Amino acid sequence: MFRPNPQSTMMENSKYLNVYSGPTSLQKYFNPDEQPMLPLVELPAKLNPFLGDNVHIFAKMMTALPAQNVKALPALNMLQHAPSSANKTIVEPSSGSTVISLSLAARVLYENENVRAYVTNKTELARLQTLRFFGLHVELYGGPSQPEISDSRGIINKIRQMADSNPNLYNPGQYENEDNFKSHVRWTGPQLLQQLPNINIFCAGMGSAGCVTGTGLYLKQNNPKVTIVGVCNRVGDPVPGPRPAPLFESIAFPWKKVTDAIEEVDSIQSYKYSMELSRHGLICGPSSGMALQGLLSFLTKVKEDGRLHEYADQHGQISCVFPCCDLPYQYLDNYFKKLDDTNFHPIRNEHLLTIDTHLYDPAWELDPADTLTMLHTSNDGHECLVVGGRGPDQTPSHPAVRILDIRSAADFEAHRVYGAVNLPFSTVSSTSISPFEDIAVLEAQWKEGKKILDKNELTALLKNEKPTMVVICYNGESARMSTSILRAQKIKAFSVKGGMPAMARAMVH
């Protein structure tokens, strides 16, 4: 008798198929209980200098959450436990993952689009634009960017007081709201214990201390021998998200009860480890590199003390986990400020960043037949070829389409399109190769084109005519480049594919 495969039955469940449909699709998508577990990925030997000591290091990819950052969990949990926030303006001092996650969760849970981020005026423009991209209202403040939580003069206290005095505001208060760290008791800790029952060390950066506190509480409740390591940045050496150790003293979460060690690390290595993780496929931001750096620092110390074996399981293996908290993209400028050039391959032909800088569009390149049609329609049927100076006696006055021929004067005189104007480029000849095949040719032609095809010069030359321009050269390629220069000046222009030889063949036929 046929018996259904239990595994197949399981895979039919939408949770494992990762499909979310119906009126509550977004709510289900954002609910960790409706999703597959977040990936837990062991680092390769190249990223784990302790593998020879039977230490296995795993990255918990919190970036696989819908909001692509670890703060999605506390944001969801805080708003779920504050249903009154559905009809209020949500206010939070945050310049990154927390307030973005609050904004997303508010829309998903309550269709509430009124989320305001209070952000230090020391914040990079790219991060401010990221907040605006996600629909947040951004309000800047001056003074210290990371004040103590209990400082009555600081922005955290000011926002709390503002919300307390205004019933139309809700301040989640990530540094004081227990639903922050309880989200990790609810979700992160249970996932880790299921995925890695023999976990020995959990290490995480400390911003609000929610992740290290909540995950640590759950793991220690189930196995008191698990070691919890918190990581802080050094004072005056910030990493986006985490905070220096002195600012944690006023955080009421039971992080002191949970953590067995605190590591203080520098920002340069945090960015470096983040970059290396990302280059090996574990794409993550600097706070993730910071967590790995803190873990490696802790392991180094206990190994030097001869105590590494104390953290091993009954099989002699040490299993460590650190979270990858967010993505690197909004911090990219900082990587190039923090890390020296030896970390990056140079950009070849970098000088081209200031040359040939205008757009190209295939629609601006005409076939010769289409060019003839345009000339016939716009210039009263005068589209003949002038050979050796023999042709119509008069140039059409005020044509709707004007041919700009950038070939040499001698070649222009030998044969040209009736009514064309010659603007010879010294860098363009019948033997010139395409500017797109030789950078030196491109640079020379582009610089000359910028001078010759200046809008003011053309206006004077054509006596204030404003016709459509059609550029002709020897092979069509230099004309393509010239067309991009004209278009950048808001001049309607086209080039002829194949240049003058193709045009002549079309006119003969």
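Shown above is the structure to which this text applies.
This one's a predicted model, so the numbers in the text were calculated from it and none came from an experiment.

Enquirer: Which residues make up the packing of aromatic side chains, and what values go with them?
Expert: Scanning the entire structure with this criterion turns up eight aromatic pairs. Ring geometry for F133 versus F134: centroids 5.1 Å apart, planes at 90°, classification edge-to-face. Summarising the aromatic geometry, the rings of Y360 and F436 are spaced 5.7 Å apart at their centres and angled 80° between planes, so their arrangement reads as edge-to-face. Of this pair, Y360 sits in the loop between α13 (332-338) and β11 (365-366) while F436 sits in the loop between β15 (421-422) and α16 (439-452); the two residues are 76 residues apart in sequence, bridging distant segments of the chain. Sitting over the face of the ring of F494, R487 holds its NZ or CZ atom 4.9 Å from the ring centroid.

Enquirer: Explain the pattern of salt bridges residue by residue, including any values.
Expert: One pass over the structure, following the stated rule, counts 16 salt bridges. A salt bridge links E124 to R127, with the nearest nitrogen and oxygen atoms 3.8 Å apart. The exposure class of E124 is partly exposed, given its relative accessible area of 27%. Notably, a salt bridge pairs E178 with K182, separated by 3.3 Å at the nearest N-O pair. With E178 and K182 both in helix α8 (residues 178-195) and four residues apart, the pair spans about one turn of that helix. A cluster of three or more residues bridged by salt bridges with shared partners is formed by D305, R307 and E310.

Enquirer: Which residues make up unusual backbone geometry, and what values do they have?
Expert: The phi angle at N18 is positive, at roughly 65°, despite the residue not being glycine. Tracing the chain through its elements places N18 in the loop between α2 (14-17) and α3 (25-30). Residue N349 is not a glycine yet carries a positive backbone phi of 60°. Inspection of the secondary structure puts N349 in the loop between α13 and β11. On the basis of relative accessible area, N349 is assigned to the partly exposed category, the value being 40%.

Enquirer: How would you sum up the packing of α16 against helix α18 (residues 477-488)? Please name residues and give values.
Expert: With their axes 10 Å apart at the nearest point, α16 and α18 run at an angle of 45° to one another. By the angle class used here, α16 and α18 are oblique. Note on packing geometry: the crossing formed by α16 with α18 is right-handed. In this structure, α16 uses L442, Q445, W446, G449 and K450 to contact α18, whose residues at the interface are S478, M481 and I485. Residues that form the contact of α16 with α18 fall into these classes: four nonpolar, three polar and one charged.

Enquirer: Tell me about the environment of H376, and please be specific about residues and values.
Expert: Among the structural elements, H376 can be located in helix α14 (residues 368-378). On the accessibility criterion, H376 (45% relative accessible area) is partly exposed. Distance in space between the C-alpha atoms of H376 and V401 is 9.6 Å, their sequence separation being 25 residues.

Enquirer: Give a description of the sheet that holds strand β13 (residues 401-405) that names residues and reports values.
Expert: Ordered by their spatial adjacency, five strands build an open sheet running β11-β17-β16-β13-β15, and the pairing between neighbours is parallel. A strand with exactly one partner marks an edge of an open sheet, and here the two such strands are β11 and β15. Against the sheet, α18 makes contact with β11, β13, β16 (468-472) and β17 (493-496), and its axis sits at roughly 180° relative to β17, the strand it touches most.

So, how was this worked out
- Residues numbered from 1 in each chain as written.
- Predicted model: local features only at pLDDT ≥ 70, side-chain atom pairs only at ≥ 80, totals over all residues.
- Heavy atoms only, no water.
- Phe/Tyr/Trp six-rings, centres within 6.5 Å; stacked < 30°, edge-to-face > 60°.
- Helix = DSSP H or I, 4+ residues; strand = E, 2+ residues; numbered from the N terminus.
- Lys NZ or Arg CZ within 6 Å of the ring centre and 35° of its normal.
- Salt bridge = Lys/Arg side-chain N within 4 Å of Asp/Glu carboxyl O.
- Buried < 20%, exposed > 50% of the residue type's maximum accessible area, 1.4 Å probe, protein only.
- Axes fitted to C-alpha atoms, helices over the stretch in contact; angles between N-to-C directions.
- Parallel < 35°, antiparallel > 145°, perpendicular 65-115°, else oblique.
- Left-handed = near helix turned anticlockwise from the far one by under 90°.
- Contact = heavy atoms within 4.5 Å.
- Nonpolar A, V, L, I, M, F, W, Y, C, P; charged D, E, K, R; others polar.
- Pairing = 2+ DSSP bridges.

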